[in-house]
Amino acid sequence: MEKQTKNIITREWIENELRFYNSADIRSMLVLCGVMSLVFLPLTAASVCGLIVGLENIWLKVFSSFLIGVLLSAPVWGNLFSLRIILNERKLLLRGDFEIVTRKVQYKSEKAVHSHTECFLHFCDFREAPCIQTTFQLTSQGDEFYLVHYTGQDSVKLMFPAKTYEYREI
């Protein structure tokens, strides 16, 4: 029997990984939205009520209430928008609208983000793909990767180096 030196990945295994990460994203976003709602919505209501009592002009009350309400509830709405994107990915996943393609690394780059450096790999036809430091250091220009993305999108959801992984259609 031939000795196996590479990790075997299949479409089914990749689909399970995508489901796991998508479910985790949905759960964490729901918790974050709940916590932010508990903090920002009462703060918004209190600010709007306090402002309304102090103003005489009805139009100024309406405009100020709207402005304060939008500004103080913006974090909640922003997270709900992110949740919508994650749920759209869930629909694509349930329909099986993801592809596994092979691409060679065009080049690597590093960017300073806040107080740390993030590593990226660049592939033809795709946006830059973030990667961990170990993968970044072991990758050279021209190395081949298996890229997983949703049909019609240019962002890489998962990537596997062909040096250590073998994709098999079963």
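Since the structure is predicted, the reported quantities are computational estimates derived from the model, not experimental observations. (Residues numbered from 1 in each chain as written. Predicted model: local features only at pLDDT ≥ 70, side-chain atom pairs only at ≥ 80, totals over all residues. Heavy atoms only, no water.)

**Q** Before we go on, may I ask you to explain the pattern of salt bridges in this structure?
**A** The final tally for this structure, using the stated rule, is eight salt bridges. We note a salt bridge from E15 to R19, for which the minimum N-O separation is 2.6 Å. Placement of both E15 and R19 in helix α1 (residues 11–54) is noted, with a separation of four residues, approximately one turn of the helix. Assessed through its relative accessible area of 21%, E15 is described here as partly exposed. (Salt bridge = Lys/Arg side-chain N within 4 Å of Asp/Glu carboxyl O. Helix = DSSP H or I, 4+ residues; strand = E, 2+ residues; numbered from the N terminus. Buried < 20%, exposed > 50% of the residue type's maximum accessible area, 1.4 Å probe, protein only.)

**Q** Just to check I follow, could you spell out the state of the cysteines for this structure?
**A** What we call a disulfide is simply a covalent bond connecting the sulfur atoms of a pair of cysteines. If you walk through the whole model with that rule in mind, you get zero disulfides. With no disulfide of its own, C119 lies 5.4 Å from the sulfur of C131, the closest cysteine sulfur. (Disulfide = S-S within 2.5 Å.)

**Q** Explanation requested: a nonpolar patch on the surface in the structure shown.
**A** Together, V31, V35, L38 and V39 make up a nonpolar patch on the protein surface, roughly 390 Å² of accessible area in all. Mapped onto the fold, V39 is located in helix α1. (Patch = residues over 30% accessible without salt bridge, like charges linked within 9 Å, V, L, I, M, F, W, Y side chains within 5 Å. Areas by Shrake-Rupley, 256 points an atom, 1.4 Å probe, with all protein chains shown as cover.)

**Q** Explanation requested: the packing of aromatic side chains in the structure shown.
**A** Aromatic ring pairs are reported here in terms of the distance separating the ring centres and the angle at which the planes meet. Counting across every chain of the model gives five aromatic pairs. Taking the centre distance of 5.6 Å and the plane angle of 65 degrees together, the rings of F123 and F145 count as edge-to-face. Here F123 is found in strand β3 (residues 116–123), whereas its partner F145 is found in strand β5 (residues 144–150), with 22 residues between them in sequence. Given a relative accessible area of 1%, F145 falls into the buried group. Aromatic pair Y146 and Y167: ring centres 6.2 Å apart, planes at 50 degrees, arrangement tilted. Here the residue Y146 occupies a position in strand β5, and Y167 occupies one in strand β7 (residues 165–167), the gap between them amounting to 21 residues. The exposure classification of Y146 matches that of Y167, with both residues buried. Members of the aromatic cluster, joined through ring pairs, are W13, F160 and Y165. Directly above the aromatic system of F136 lies the positively charged group of K108, at a separation of 4.5 Å from the ring centroid. (Phe/Tyr/Trp six-rings, centres within 6.5 Å; stacked < 30°, edge-to-face > 60°. Lys NZ or Arg CZ within 6 Å of the ring centre and 35° of its normal.)

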